[in-house]
Amino acid sequence: MLNIVFFEPEIPYNTGAIARTCALTDTRLHLIKPLSFSIDEKAVRRAGLDYWPLVDLHLYENYEDFKSKNPGVTLYCATTKGQIRYSDVKFKDEDFIMFGRETSGLPPEIMEENHDNLITIPMIPELKRSLNLANSANIILYEALRQLDFPFVH
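Quick look at the structure, then.

## A look at the sheet that holds strand β7 (residues 118-120)
What holds strands together in a sheet is hydrogen bonding between their backbones, with the strands either parallel or antiparallel.
Then comes step 1: Read from one edge to the other, the open sheet built from seven strands follows the order β3-β2-β1-β6-β4-β7-β5, with strand pairing classed as parallel. In this open sheet, the two strands that pair with only one neighbour each are β3 (56-60) and β5 (84-85).
Then comes step 2: As paired elements, strand β2 (residues 28-32) and β3 share five bridges and run parallel to each other. Within the sheet, the bridge partner assigned to R28 lies in β3 and is D56.

And the structure:
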């Protein structure tokens, strides 16, 4: 099972949208606090529709809590500052893919700690900005699932 991690997400619709994808693909969703919203908020619930009960959801107080509860995992960090294309990664079952805040991405210390696993989605260099968080997570998650031959289908 793959793992999507949102570090301190700020926009409830993005979290609701990826929760829906995680439910439909048998992917774990990890949320690292602080969240800029309550996961009980109407906007999050509406974006996730009625899939929330199907989400394998894990909440963490902070990044250190996340690390202590997931020691030794392979963690890929999605960032516009990455040098490795997400499509060049050979994803494995149980890999973790982390995405940062919508407004500021991942903190430098997390990227430094995971410098060998900074992945990116190719974009026009002159416009190198971030794609929508939920869209980015879906793009990379579906590539990882494709490589694993969509294990939830078998």
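## Considerations on helix α1 (residues 12-25)
Because an α-helix completes one turn every 3.6 residues, residues spaced three or four positions apart along the sequence face the same direction.
Then comes step 1: Given a rise of 1.5 Å per residue, 14 residues ought to cover 20 Å, and the 20 Å separating the end C-alpha atoms of α1 matches this to within 8%.
Then comes step 2: Along α1, 10 of the 14 residues are buried, which leaves the element largely enclosed by surrounding structure.
Then comes step 3: Where α1 terminates, the next one or two residues include D26, which has phi positive at roughly 55°.

## Section: the layout of surface pockets
Then comes step 1: The space that makes up the largest pocket amounts to roughly 410 Å³.
Then comes step 2: What lines the largest pocket is a set of 24 residues, and nearest its centre among them are A78, T79, T80, G105 and S130.
Then comes step 3: Listing elements by their share of the lining of the largest pocket, those giving two or more residues are β7 and α5 (133-147).
Then comes step 4: For the lining of the largest pocket, the element with the most residues is α5, which contributes three residues.
Then comes step 5: Within the lining of the largest pocket, the residues separate by chemical class into 10 nonpolar, 11 polar and three charged.

About the cut-offs
- Residues numbered from 1 in each chain as written.
- Predicted model: local features only at pLDDT ≥ 70, side-chain atom pairs only at ≥ 80, totals over all residues.
- Heavy atoms only, no water.
- Pairing = 2+ DSSP bridges.
- Helix = DSSP H or I, 4+ residues; strand = E, 2+ residues; numbered from the N terminus.
- Expected span 1.5 Å × (residues − 1).
- Buried < 20%, exposed > 50% of the residue type's maximum accessible area, 1.4 Å probe, protein only.
- 1 Å grid on protein atoms, 1.4 Å probe; cavity = no way out; pocket = protein on both sides within 12 Å on 5 of 7 lines; lining within 4 Å.
- Points joined across faces, edges and corners; volume = space filled by probe spheres on them.
- Nonpolar A, V, L, I, M, F, W, Y, C, P; charged D, E, K, R; others polar.

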